[in-house]
Amino acid sequence: FRQKLCINPDIFDAILDQISGHAIFQNNSNNRQLPIALQLAMFLNHAGHYGNAASNQDIAQWAGIGVGSVTNCMNRVMVALLDQHDEFISFPMADSDDAEKACEWVEGKTCPEWRNGIFAIDRSAVNLMNKPGFHGKVFFNRKSTYSLNCQVCFSSCDFVCLI
């Protein structure tokens, strides 16, 4: 389950509960939609993989449905998730205890200048579509793709991007 969907079952169930009531999964047709759990599983499978493993054909074969149905399911789940954006993604209020704990953690684990950072990504690989023309071999990584490793920190007054 975790290998194919890249998520813990408890988190899957929580997301499923959150989106199941969305109107996008309702229709008045004689042809019923696939179960919402299967639609979410296909979406997560697609989102958690790269290359051929993420193709609609591969997911259709895995789920035992047509390629067009995969596209429809992906679109439905995306609409339901985007409508829940504010429920899934939030930042603590600047004057809250959670924000202060986060600031203390950042200051203790990184550098004091980043204390007021509100979001950071560390060493994330950003895949490139093609081999760069200038020093291309340098960008080839252990996963046999071309990528950039970066660190990004957003703070309340500036944006820092180190590549």
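Residues numbered from 1 in each chain as written. Predicted model: local features only at pLDDT ≥ 70, side-chain atom pairs only at ≥ 80, totals over all residues. Heavy atoms only, no water.

## Looking at helix α2 (residues 9–19)
Quick reminder: α-helices carry 3.6 residues per turn. Residues three or four places apart thus point the same way. Of the residues making up α2, those classed as buried are Phe 12, Ile 15, Leu 16 and Ile 19. Mapping the buried residues of α2 onto a view down its axis gives an arc of 100°, with all of them on the same face. Turned more than 90 degrees from where α2 packs its buried face, Asp 10 and Asp 17 sit exposed. Against the buried residues of α2 lie α1 (2–5), α3 (36–47), α5 (67–83) and α6 (85–88). (Buried < 20%, exposed > 50% of the residue type's maximum accessible area, 1.4 Å probe, protein only. Helix = DSSP H or I, 4+ residues; strand = E, 2+ residues; numbered from the N terminus. Arc of directions from axis to C-beta. Contact = heavy atoms within 4.5 Å.)

## Quick look at the packing of α3 against helix α4 (residues 56–63)
How two helices pack is summed up by the angle between their axes together with the distance between the axes. Their axes nearest at 10 Å, the elements α3 and α4 cross at an angle of 140°. Relative to α4, the element α3 is oriented oblique. Relative to α4, the crossing made by α3 is right-handed. For the pair α3 and α4, contact is made by Leu 38, Ala 41, Met 42, Asn 45 and His 46 and by Asn 56, Ile 59, Trp 62 and Ala 63, respectively. Across the contact of α3 with α4, the residue classes break down as 6 nonpolar, 3 polar and no charged. (Axes fitted to C-alpha atoms, helices over the stretch in contact; angles between N-to-C directions. Parallel < 35°, antiparallel > 145°, perpendicular 65-115°, else oblique. Left-handed = near helix turned anticlockwise from the far one by under 90°. Nonpolar A, V, L, I, M, F, W, Y, C, P; charged D, E, K, R; others polar.)

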